[in-house]
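The residues making up each chain are set out below.
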Amino acid sequence: CEYGAVECGIIAHESPCGSIHTSDETLICEIEQDPGGTSDDGRLLITHLECYSMPLIRYRIGDRVSLSNSTCECGRGLMSIESLIGRDNDLIRKSDGSYIHPEFFDYVMRHQAGVRRYRVTEQENGDLSVQIESASELSSDKSRLLLALLEQEAGLERNIHLVHVNVLPRDPSGKFRWVIARDRRPQT
């Protein structure tokens, strides 16, 4: 198992003991916690030690991880990633500080007959907008069922709005993001 990014290559490998060791010989991994955060996870910052033409120093790659403080049984002495939480821009943070992983939405939406694609967008006020691309609008019964499934995980502290669209456009990059969380980084 390998974990990496286009900008900095391989970030970590799985050891024979099952730990995910960072490539400490070629890069430095750090965690940037949310302001006022209390959890052990955060945004992964990479400083690449062998990129001479274009240095990457404390580069945010867009992933959230948790680093381990324990020593691996293999004895290599390398730092380990305890958990790969997901892409920062695709994780919806709940009021208790935990996250809703994008796969939750995929699990709910892929079984909905008539839904071609969907996009969940977290609004500034914390509400969720769920755009549904389908040939026709969902029936009121189906909409109620879908809202109940989504609210079960998202929590009742936020409103969820279902919006029918004929076509969901791709991002300017050509990719299609189905979950978009609002950016919580302080503006500088």
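Everything discussed here concerns the structure shown above.
The structure displayed is predicted, hence computed values, not measured ones.

### Quick notes on the nonpolar core
Phe105, Met109 and Leu150 are the most contacted members of the largest nonpolar core, which totals 19 residues. Of all the elements in the fold, those that place two or more residues in this core are helix H1 (102-109), strand S10 (115-122), strand S11 (128-134) and helix H2 (140-154). By residue number, the principal contributor to this core is H1, which donates four residues. If sequence neighbours within four positions are ignored, Phe105 has contacts with Ile92, Ile100, Tyr118, Val120, Leu128, Leu150 and Val179. In this structure, Ala5, Cys29, Val65 and Leu67 belong to the second largest nonpolar core, which totals 15 residues.

### Comments concerning the side chain of Asp127
Structurally, the position occupied by Asp127 is in the loop between S10 and S11. One polar contact links the side chain of Asp127 to the main-chain amide nitrogen of Asn159, over a distance of 3.2 Å. Polar side-chain contacts of Asp127 include one of 3.2 Å to the side chain of His161. With sequence-adjacent residues up to four places away left out, Asp127 is seen in contact with Thr121, Glu122, Arg158, Asn159 and His161.

### Section: the sheet that holds strand S6 (residues 59-68)
Within the open sheet, the seven strands sit side by side as S1-S2-S3-S7-S6-S5-S4. Their pairing is antiparallel. Two strands in the sheet have a free side with no partner beyond their single neighbour: strand S1 (2-5) and strand S4 (27-32). Neighbour-to-neighbour, the strand axes of the sheet open up by a mean angle of 45 degrees, direction not taken into account. Two strands pair when backbone bridges link them, and S6 and strand S7 (residues 80-87) are joined in this way by six bridges, in the antiparallel orientation.

### As for the pairing of strand S2 (residues 9-14)
The two faces of a sheet get side chains in turn, since along a regular strand they alternate between them. As paired strands, S1 and S2 are joined by four bridges and run antiparallel to one another. Looking across to S2, one finds that Ala5 is bridged to Gly9. The loop that links S1 with its antiparallel partner S2 comprises three residues. Sheet topology note: the S2/strand S3 (residues 20-22) ladder contains three bridges and is antiparallel. The residue bridging Glu14 from the neighbouring strand is Ile20, located in S3. Where S2 folds back on S3, the antiparallel hairpin that results is connected by five residues, among which Gly18 adopts a positive phi of roughly 100 degrees.

### Quick notes on the sheet that holds strand S13 (residues 179-180)
Reading across the sheet, the four strands line up as S12-S11-S10-S13 and stay open at both edges, with mixed pairing between neighbours. Pairing within the sheet leaves two strands with one partner each, and these edge strands are strand S12 (160-165) and S13. Looking at chain direction, S10 and S13 are connected through two bridges and run parallel. Looking across to S13, one finds that Val120 is bridged to Val179. Where H1 meets the sheet, its contacts fall on S10, S11 and S13, and the angle it forms with S10 comes to roughly 145 degrees. Across the sheet, H2 touches S11 and S12, and the angle it forms with S12 is around 135 degrees.

Cut-offs used in this document
- Residues numbered from 1 in each chain as written.
- Predicted model: local features only at pLDDT ≥ 70, side-chain atom pairs only at ≥ 80, totals over all residues.
- Heavy atoms only, no water.
- Core = buried A, V, L, I, M, F, W, Y, C linked by side-chain atoms within 4.5 Å.
- Buried < 20%, exposed > 50% of the residue type's maximum accessible area, 1.4 Å probe, protein only.
- Helix = DSSP H or I, 4+ residues; strand = E, 2+ residues; numbered from the N terminus.
- Contact = heavy atoms within 4.5 Å.
- Polar contact = N/O pair within 3.5 Å; in protein donor to acceptor, adjacent residues only side chain to side chain.
- Pairing = 2+ DSSP bridges.
- Axes fitted to C-alpha atoms, helices over the stretch in contact; angles between N-to-C directions.

Any link to function would need more than the numbers given here.
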